[in-house]
Amino acid sequence: MHGFTLEEATSRQWEEFQTTLRGSVSPANWQKWLGKLQPELGATQLTLIAPNEFHRTWVEEKHGKQIESIFHQVFGSEMTFSLVSLSPYLPGSEEEADPPSLEPNVSPSHPSVAEVEPRYETNPSPLFGRYRFENFIQGESNQFALAAAQAVADQPGVSYNPLFIFGGAGLGKTHLLHAVGHHVHEFYPNLLVRYVTSEKFLNDFIDCIRRKRVDDFKHRYRSTDVLLLDDVQFFERKEQILEEFFHTFNTLHQLGKQLVITSDRHPRNFTVEDRLRSRFEWGLVTDIQPPLLETRLAILRRGAEFAPKRVPQEVLEYIASTVSDNIRELEGALTRVTAFAALTHREIDLPMAEKVLGDHGKKNGAPLQALDIISAAADSYGFSVAEVQGPSRRQPLVMCRQVGMYLCRELTDLSLPKIGEVFGGRDHTTVIHSLDKVKRVIRSDRAVFDRVHSLLQQLRKRGG
């Protein structure tokens, strides 16, 4: 804690308070949470300021009584203290109920970072950098899943094992998986964390069978300390991989290793054997629902902070009311509005937003397939589908391919690995790069913006 000039008389008390508090928690907890509280000292009150509401809530729930006890021990009864946030994590959260307490029955302390010996493996689990707990917008529709994920990340293998999170596409399941991974990496550097999609798990298994190295596959996954498995519904009706996953699950669970699993539906609705379905329900099963209006507005406000122009409240409310069931599409709508404003050098207002997003809600026919989107993008640029899916990296073919990936992400429920697969077997990191590239380009290139906008309108009218 730094940056504040304190009176000499109270400076020594502050240093004593700081030292005592630091010595009462693990180094990891201090570095991540308590050490980030900033002090503001008045004549009769000490205010500790957290960077956001989520941070404040976590500190209060986990260490509130401990902080208060040490405060009175050092400063006496004449002084009072309060814990506040610099900015609310969720607008209006001061009036909302606190998230449910999910304290496990067993509460071992975090191991000291200095006491553990890190275990390394070459890139076993590439995690998305922006998918962290700090960036997850909490609301009524997801607060229980968030609290459960935080409890698991705090004490892997102790509480809620397995944790099974289900819900529709674009609601934040993958975000929570990666957030758990980041948190465990930071607080438990000795644990091996592995994030994997179900498609990748299956492909690894097939590859090891082909090379007659099945033991390599078993060692890779059964030596993992925290397994984060995305979209497990992909295993349905695939008997051989279900059998392998059943044994992987048993091994990890018996060893006290943590499993966090996501799916698009509740385990009871899976077409799998009862023995595996029951294991999915051994720990905690929780869902994520489509975000309520207040949460959608909070997500948009967060995104608008990085927009090149100010986004009026009425525009945010219009977008929030137009896109209601998918966070991914919600963020995409904001991107289109802010990109159009940047390209046309106009201030953002409601008529402009209505014009740009006029195609939302006008869907017809059967759900769009990836091949339909690839074909539309290819036709627009004058290429064949085979060329778009092929290996060539010449321009403008690469831009056509990237636009196609962007459209697939906007208009379908396909995961990143699945999008990569339909575009010629490309890696999910290539898809991420393509999405980021298109988002940047449509803010500066009017021709690309117009093409993407036209394709979105065209495809939305065709799709259901």
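Reading guide: rules and limits
Residues numbered from 1 in each chain as written. Predicted model: local features only at pLDDT ≥ 70, side-chain atom pairs only at ≥ 80, totals over all residues. Heavy atoms only, no water. Buried < 20%, exposed > 50% of the residue type's maximum accessible area, 1.4 Å probe, protein only. Helix = DSSP H or I, 4+ residues; strand = E, 2+ residues; numbered from the N terminus. Pairing = 2+ DSSP bridges. Axes fitted to C-alpha atoms, helices over the stretch in contact; angles between N-to-C directions. Contact = heavy atoms within 4.5 Å. Parallel < 35°, antiparallel > 145°, perpendicular 65-115°, else oblique. Left-handed = near helix turned anticlockwise from the far one by under 90°. Salt bridge = Lys/Arg side-chain N within 4 Å of Asp/Glu carboxyl O. Phe/Tyr/Trp six-rings, centres within 6.5 Å; stacked < 30°, edge-to-face > 60°. Lys NZ or Arg CZ within 6 Å of the ring centre and 35° of its normal. Expected span 1.5 Å × (residues − 1).

Draft legend 1. Summary view of the pairing of strand β8 (residues 284-287). By the alternation rule, side chains of β8 split into L284 and T286, which are all buried, and V285 and D287, of which none is buried. Across four bridges, the pairing between strand β4 (residues 163-166) and β8 is parallel. Across the sheet, residue F166 finds its bridge partner in β8, namely D287.

Draft legend 2. Molecular detail of the sheet that holds strand β7 (residues 258-263). If you walk across this open sheet you meet the five strands as β5-β6-β7-β4-β8, and the pairing is parallel. Each edge of the open sheet carries a strand with a single partner, namely β5 (193-197) and β8. Taken over all neighbouring pairs, the strand axes of this sheet differ in orientation by 15 degrees on average, direction set aside. The strands touched by helix α4 (residues 143-154) are β4, β7 and β8; relative to β8, the strand with the most contacts, the crossing angle is about 140 degrees. Contacting β6 (226-230) and β7, helix α8 (residues 239-254) crosses the sheet at an angle of about 140 degrees to β7.

Draft legend 3. Molecular detail of the pairing of β5. Judged by how many residues are buried, β5 sits mostly within the fold: five of five residues are covered. In β5, alternate side chains face the same way, and those of V193, Y195 and T197 on one face and R194 and V196 on the other are all buried. The pairing of β5 with β6 spans five bridges and is classified as parallel. Pairing of V193 across the sheet is with V226, part of β6.

Draft legend 4. View of the packing of helix α10 (residues 293-304) against helix α12 (residues 327-344). Axis separation between α10 and α12 bottoms out at 10 Å; the angle between their running directions is 45 degrees. The angle between the axes of α10 and α12 places the two elements in the oblique class. Judged by the sense of rotation from one axis to the other, the crossing of α10 with α12 is right-handed. Here α10 contributes R296, I299, L300, G303 and A304 to the contact with α12, which in turn contributes I327, L330, E331 and L334.

Draft legend 5. Expanded view of the pattern of salt bridges. Scanning the model with the defined rule gives 17 salt bridges in all. Here R222 ties to E244 by a salt bridge, and the two come within 2.8 Å at their closest N and O atoms. One end of the pair, R222, is in helix α7 (residues 214-222); the other, E244, is in helix α8, and 22 residues separate them in sequence. Here the residues in one salt-bridge network are K200, D204 and R220, joined through shared partners.

Draft legend 6. Fine view of the packing of aromatic side chains. Going through the model one piece at a time under the given rule, you end up with 20 aromatic pairs. On the basis of an interplanar angle of 65 degrees and a centroid distance of 6.1 Å, the ring pair of F164 and F270 is categorised as edge-to-face. Placement of the pair is F164 in strand β4 and F270 in the loop between β7 and α9 (274-280), with a sequence separation of 106 residues. As far as burial versus exposure is concerned, F164 and F270 are alike and both buried. One aromatic cluster is present, built from ring pairs that chain together F164, F201, F205, F217, Y221, F235, F245, F249, F270, F280 and W282. A cation over a ring is seen here: R275 above F246, with NZ or CZ 3.9 Å from the ring centre. Positioned over the ring face of Y381 is R451, at 3.9 Å from the centre of the ring.

Draft legend 7. Representation of α12 within the structure. When the terminal C-alpha atoms of α12 are compared, their 26 Å separation across 18 residues agrees well with the 26 Å that a helix rising 1.5 Å per residue should span. Within α12, 16 of the 18 residues are buried, which leaves the element mostly enclosed by the surrounding structure.

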